[in-house]
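# Chains, contacts and geometry: an overview
Here is what each chain is made of, one letter per residue.
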Amino acid sequence: MGSSSTRAGWSFDQSPRLSLPPIMSRYRDRKLSKTYTFVGSDVFADQNARQQSRNAFEAGSGIVSNWDVMEAVLDYIFLKLGIDGQDGGVGRPIVMTEPVANLGYSRKMMTEIIFECYTAPSLAFGIDSLFSYSYNSGKTGLVVSSSHSSTHLIPVVNSKAMLSHATRLNWGRSQSAEYLLKLLQLKYPNFPGKLTSFQADSLVREHCYVSSDYVQELSGYLAWTGLEERDHVVQFPYTEQIVIQKSEEELAKIAEKRKESGRRLQEQAAKMRLEKLIKKEQELEYYKELQQKAVTESKKEFKRLLESNDFKDEAQLEKAVRELDKSIRKARTKDVGGPEIDEEEEQPTFPLLDVPDEQLDEAGLKQKRHQRLMKSNHDARARAKAEKEKEKARLAEEERLDQERRENDLEGWLQERRVAREVLLQKIKDRQRLKADLSNRKSLASQMRMKSIANLASDTPNSKKRRRGGDEDTFGANDDDWGVYRSITVGNQSEDEEEEDINTSVKNLEAQLLQYDPNFTEQHTLDAQSDWTKSLMHAFLRGPWPFDPESQREINQIHLNVERIRVPEVVFQPSIAGLDQAGIIEVASDIFLQRISNADHRSEILKDVFLTGGNTMFQGFEERLRDELRAVLPAESPLVVRRAKDPILDAWKGAAKWSCGQEWKAAVVTREEYLEKGGDYLKEHNLGNAYQ
Amino acid sequence: MAPATNSDDSHLQLLDKLDITPIPRPFRNPTWKPPQRRNKNIKQILSDASRKEASLLATQNNSGSSTPLPHGSSNASSAGNIALAQSNIAQAAQNLRTLVLERNGHNAFVSGPIATYTNIESPPSLHPAHQKHYCDITGLPAPYTDPKTRLRYHNTEIFAVVRGLGQGVAEQYLEARGAHVVLK
């Protein structure tokens, strides 16, 4: 009756016929109105059944807590062993294993079930690890049994277990798997798949090993050299995001199509332009003719003509002609590709401005106003140009000065740059901190933010300014007042832009430093420092390979590195997983050095330290135990550590062998004895628990 | 749709094959009725057991086995004055029980304390060498502790990670080490 799997068979079998997890799933299918019962591995056949499955054992212990499941498991075993129940019962003697110092209640319940429900003629209990030890022909030694739910150390002298010295550590394979699961969930909080405890168990089995020197190996575990071997990548199933790859031909076709439509548009535009040009040319022709007419026609007639063409006077006509001419020329150069004609910047004259108003008539005054406007326009443009020129000169001058300073006082110049860079880096850090603080509701930064929001929202802002006296609202008088809005928004666009700005200026400074500072190398740049190859966290999470957050394949990977030795180490140092118990080395040395007073027994026991149970199957377990025990034992004491031939099945084999021998006959409780003495009754024997 | 129903059918057939509900179980006693509320967890079992033990201890203390009876009196009551013994059956029963308890006590003294589920648990470690600290995030040796989250960390880079953890995550890390705060 194991908590990881229950094994059953006949006493004459070489190995157990059945091995099944002690789980049962009984549920009613509403659609078919039928009750299903599945036991053992059959539970995994159906999704529904798997969800409803229940374990007979209490999680993380070797104690049965669900007897309905236990009964179903026993039913299943007897069914599969082909027991026909001719005499209304199982009709065969039964031998069962139980944990060290099994609880009286559990044993009583089991005895009751066996005798009352299955009407077995007899029943015997024994401790699993001791069966394993006797099967491996051990007589005197220390049995270290680390199994699914717990780890036991039992000293055995002359085939008799010293149960009063037995010690249990509440850590086994199942706890290891649970621990690994917890670690992985913390390591990859955004893992898209779902890690099951079943998977964690197989990860423990396949990837973990016991380190021979934990501290030594641990400190170099994430070092760059050899990380490829230490880092195990576990790929979970994923669906590749399909990026539609267009063939070369298709791409060419699409480009061609695009070009074609572009060309058509261009053609159309050119046609339109040409039409416009022609129209404009015609217009120009007409206006020119009109101008000619000024000479030939009479003044009155000309004026009439002008007015019919919406011109006020000759100057306007002249202007229109000039503009048309210009635009035609421009269009022509653009279309036909003629030589670019420089726009001659003729200095406009404003003759009317100097004439006093009194000397002008109505039209003259209008003209003058117009000219004044034009002049101020012109002046402004000239001023802007001059300013631009000046700025350019200033920059050039600055650059020259900078250069000069660099040449004269390189150290000072560099120092300035360094300080500036430091300031910027500090700024980046501050921003990050502020961001982090804002995410925490209780932080000072977010409380300040809340305060200012509340202040802005309230009708009567009770800011300090207000209370001091002045009733008028002066918000906005100072430009800094508006900063309050910036401070209350979180993660907006402008912040990102500012960050970008800081980053670019850092880059600039670093480029300058790289160029002129001999002490500033590529390694010192911000980019190099945030490079993933230097990151310990990256090595921990992603191993020695680059990580692409877009790749589904890499997102669905789990990297096992430190965990590979961290998880099995718990048996030696339970405090790692928060278990407040002594590790097996400490317990073993306590048993050897304190509890066993007989010196002869001690040396005999040391000669046979025996490992059994599934949790001892880690690679390196034996060596580690030997080395550590050697370190705590007196010099020159004999020490032999060995492992069971089959740490998992030897307990069953030992029980089967034992049930064929003489010892069994003396230890068995018959049905008559049960009926007379009750479910608590137990006969003590060498491989069993003590009667309480 | 056809293949789906086909596989459904075969799945149902498989389930029917694996189902052990309808299989007759002649080896079971038809009159067997499981006792009520037999499923107990370890905590319940242990508390029941300890209660029983305590009451047993109380009877033992009151029984007089701790203060041995004078030899003469027990002999006299059992061998000699039959009439007196018969008149005082209750006292005789008391004496018998004392004898049994005395024998049990003697046995216990010889074989030492009996191993029980609770008392074989390994005690807390006292060895100073086992008080090493490991980084809660990476598992590497951790010389530092963050006073704010109480997480142990390996170096400055991990410290930045520790400080960047979301709310409640630090507590989960502590839980993995069994150092989290439990509110009762």
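Everything below is about the structure printed above this text.
Here the structure is a predicted model, which is why all the values come from computation and not from measurement. (Residues numbered from 1 in each chain as written. Chains lettered and ligands numbered in written order. Predicted model: local features only at pLDDT ≥ 70, side-chain atom pairs only at ≥ 80, totals over all residues. Heavy atoms only, no water.)

## Observations regarding the overall build of chain A
The test is simple: In DSSP terms, a helix is any run of H or I states spanning at least four residues, a strand is any run of E spanning at least two, and both are numbered starting from the N terminus. For every residue, the accessible area (1.4 Å probe, protein chains only) is compared with the maximum for its type, and the residue is labelled buried under 20%, exposed over 50%, or partly exposed between those bounds. Note on contacts: a residue pair qualifies if any of its non-hydrogen atoms lie within 4.5 Å across the two residues. Computed by Shrake-Rupley with a 1.4 Å probe, the accessible areas treat only the displayed protein chains as cover when residues are assessed.
Along chain A, the regular secondary structure elements total 27 helices and 16 strands. Residues counted as buried form 40% of the 692 residues belonging to chain A. A fraction of 63% describes how many contacts in chain A between residues 6 or more apart in sequence connect residues 24 or more apart. Accessible area for chain A stands at about 40,600 Å²; split by element, carbon and sulfur atoms hold 50% of it.

## Focus on the pattern of salt bridges
It is possible for side chains of opposite charge to pair when their charged atoms get near one another. All names here are of chain A. Keep this limit in mind: By convention in these notes, a salt bridge is any Lys or Arg side-chain nitrogen within 4 Å of a carboxyl oxygen on Asp or Glu.
This structure, assessed with the given rule, holds 27 salt bridges over all chains. Here E604 makes a salt bridge to K607, at a shortest N to O gap of 3.7 Å. Among the residues examined, K607 registers a relative accessible area of 43% and is labelled partly exposed. The partner of E622 in a salt bridge is R643, with the nearest N and O atoms 3.1 Å apart. Taken together, the residues E622 in helix α24 (residues 621-632) and R643 in strand β15 (residues 641-643) connect sequence positions 21 residues apart. Its relative accessible area of 25% is what places R643 among the partly exposed residues.

## Considerations on the sheet that holds strand β16 (residues 669-670) of chain A
Residue and element names in this part refer to chain A. Just so we agree on the cut-off: Only strands that DSSP links by at least two bridges are regarded as paired with each other.
Spatially, the three strands line up as an open sheet ordered β6-β7-β16, and their pairing is mixed. Either end of the sheet is taken by a strand with one partner, and the two such strands are β6 (94-98) and β16. As paired elements, β6 and strand β7 (residues 122-127) share five bridges and run parallel to each other. Paired with M96 across the bridge in β7 is F125.

## Re unusual backbone geometry
Residue and element names in this part refer to chain A. Positive phi values are uncommon outside glycine, yet A101 reaches one of about 50°. With respect to the secondary-structure elements, A101 resides in the loop between β6 and α3 (104-117). Residues other than glycine seldom take positive phi values, yet S137 does so here, at roughly 45°. Position of S137 among the secondary structure elements: in the loop between α4 (128-135) and β8 (141-146).

## Quick word on the packing of helix α5 (residues 173-187) of chain A against helix α6 (residues 197-207) of chain A
Residue and element names in this part refer to chain A. Heads up, the condition is: Angles here are taken between N-to-C directions and fall from 0 to 180 degrees, while the axes themselves are lines fitted to C-alpha atoms, restricted in helices to the stretch in contact. Roughly parallel refers to an angle under 35 degrees, roughly antiparallel to one over 145, roughly perpendicular to one between 65 and 115, and oblique to any angle outside these ranges. Residues are grouped as follows: nonpolar covers Ala, Val, Leu, Ile, Met, Phe, Trp, Tyr, Cys and Pro; charged covers Asp, Glu, Lys and Arg; every other residue, Gly included, is treated as polar.
In the contact formed by α5 and α6, the axes pass within 8 Å of each other and the chain directions differ by 105°. Comparing their axes, α6 and α5 come out roughly perpendicular. Of the residues in α6, those touching α5 at R173, S176, A177, L180, L181 and L184 are S197, A200, D201, L203, V204 and R205. Among the residues making up the contact of α5 with α6, the classes are represented as seven nonpolar, two polar and three charged.

Remember, this is a structural readout, not a statement about activity or role.
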